[in-house]
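Each chain, written out:
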Amino acid sequence: NVADKTLAQLQALDAGSWFGSAFAGEKILSLEEACTLFRKLNLIPYLELKHKPSDATEAATMNEIVKKSGIHYVWLGDAPDYVLFKQVDPKISFCFLASAVPSAEAYQIITDELNSGMDVMISLEKTALTTAFAEQCARDGIKLDTYTVNDVDEMKTITSTYAVNGILSDGFHVDAILQKYEF
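First, a word on what this report is: a plain description of the structure on this page. Since we're looking at a predicted model, the values are computed, not measured.

### Re the overall build of the protein chain
Phase 1: The number of helices and strands found in the protein chain is 8 helices and 6 strands.
Phase 2: When its helices and strands are written in sequence order, the protein chain yields α-α-β-α-β-α-β-α-β-α-β-α-β-α.
Phase 3: Relative to its 183 residues, the protein chain shows a buried fraction of 36%.
Phase 4: In the protein chain, 48% of the contacts between residues at least 6 apart in sequence involve partners at least 24 apart.
Phase 5: Just so you have it, the protein chain exposes about 10800 Å², and 54% of that area is on carbon and sulfur atoms.

Given below as structure tokens:
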């Protein structure tokens, strides 16, 4: 279990091999190292919380980590996460992570937040992405990302087909992307 390991123990592991032999020997970056690299590359990091906060104290601790690390959005999978984080920090930028087009209720929360001046977005699984939904988000001024896209050619197809603001990947393929395409 990752939560039971120290950063040093995790950084001693080979984190790249499961992506392919070209990535063998790659090490896990600390959150601070990753954020520093993202800033150098002018990328905006997002934090997906695999461990959901159980109470406001835990949410406050996570919120402080987010602020110190320069992370722009916290991905929230459901309304209870949203409510808990908003209690801790009403100004937090968030992203609704969805494997399907959000319900009317969730979409209304997003548009209400946007209309109140908050920075919000939707991250939609690539298999659920449709031109109609991407166009609706664009009309409403909602940022839309898609996930998980690990193939560079598929990234190019998505950016040329849909009005998305970004693509999330399991791999860090910036070199391959920059070499193959101009975005």
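The rest of the description comes next.
### Notes on the environment of I142
Phase 1: Along the chain, I142 turns up in the loop between α6 (131–140) and β5 (143–147).
Phase 2: For I142, a relative accessible area of 3% corresponds to the buried category.
Phase 3: When the C-alpha atoms of I142 and D119 are compared, they prove to be 8.9 Å apart, with 23 residues separating the residues in sequence.
Phase 4: Apart from the residues within four sequence positions on either side, I142 is in contact with Y107, I110, T111, L114, M121, I122, C137 and N165.

### Focus on the environment of S123
Phase 1: Within the secondary structure, S123 sits in strand β4 (residues 120–125).
Phase 2: What makes S123 buried here is its relative accessible area of 0%.
Phase 3: Residues S123 and D145 lie 22 residues apart in sequence; the distance between their C-alpha atoms is 4.5 Å.

### Observations regarding the nonpolar core
Phase 1: I122, L124, F133, C137 and L144 are the most contacted members of the largest nonpolar core, which totals 21 residues.
Phase 2: Among the secondary structure elements, those contributing two or more residues to this core are β3 (94–98), α5 (104–115), β4, α6 and α7 (152–161).
Phase 3: Once you skip the residues sitting within four places of it in the chain, I122 turns out to touch C95, F96, P102, Y107, I110, F133, C137, I142, K143, L144 and D145.
Phase 4: With 5 residues, the next largest nonpolar core counts A59, M62, F85 and I92 among its residues.

### Looking at the side chain of T146
Phase 1: With respect to the helices and strands, the residue T146 is situated in strand β5.
Phase 2: In this structure the side chain of T146 is engaged in a polar contact, spanning 2.8 Å, whose partner is the backbone oxygen of L124.
Phase 3: Those residues in contact with T146 that lie beyond four places of it in its chain are L124, E125, K126, L129, I158, G166, I167 and L168.

### Some remarks on the pattern of salt bridges
Phase 1: Tallied over the entire structure, the rule returns 1 salt bridge.
Phase 2: Residues E154 and K126 are paired through a salt bridge, measuring 3.2 Å at the closest nitrogen-oxygen approach. Highlighted residues: E154 in helix α7 and K126 in the loop between β4 and α6, separated in sequence by 28 residues.
Phase 3: Residue E154 is classed as partly exposed on the basis of its relative accessible area of 29%.

### With respect to the packing of aromatic side chains
Phase 1: Across all of its chains, the model carries 1 aromatic pair by this definition.
Phase 2: Between Y107 and F133 the ring centres are 6.1 Å apart and the planes differ by 70°, which places this aromatic pair in the edge-to-face class. Here F133 lies in helix α6 and Y107 lies in helix α5, a separation of 26 residues in the sequence. The exposure classification of Y107 matches that of F133, with both residues buried.

Parameters and conventions
- Residues numbered from 1 in each chain as written.
- Predicted model: local features only at pLDDT ≥ 70, side-chain atom pairs only at ≥ 80, totals over all residues.
- Heavy atoms only, no water.
- Helix = DSSP H or I, 4+ residues; strand = E, 2+ residues; numbered from the N terminus.
- Buried < 20%, exposed > 50% of the residue type's maximum accessible area, 1.4 Å probe, protein only.
- Contact = heavy atoms within 4.5 Å.
- Areas by Shrake-Rupley, 256 points an atom, 1.4 Å probe, with all protein chains shown as cover.
- Core = buried A, V, L, I, M, F, W, Y, C linked by side-chain atoms within 4.5 Å.
- Polar contact = N/O pair within 3.5 Å; in protein donor to acceptor, adjacent residues only side chain to side chain.
- Salt bridge = Lys/Arg side-chain N within 4 Å of Asp/Glu carboxyl O.
- Phe/Tyr/Trp six-rings, centres within 6.5 Å; stacked < 30°, edge-to-face > 60°.

Distances and angles like these do not, on their own, reveal function.
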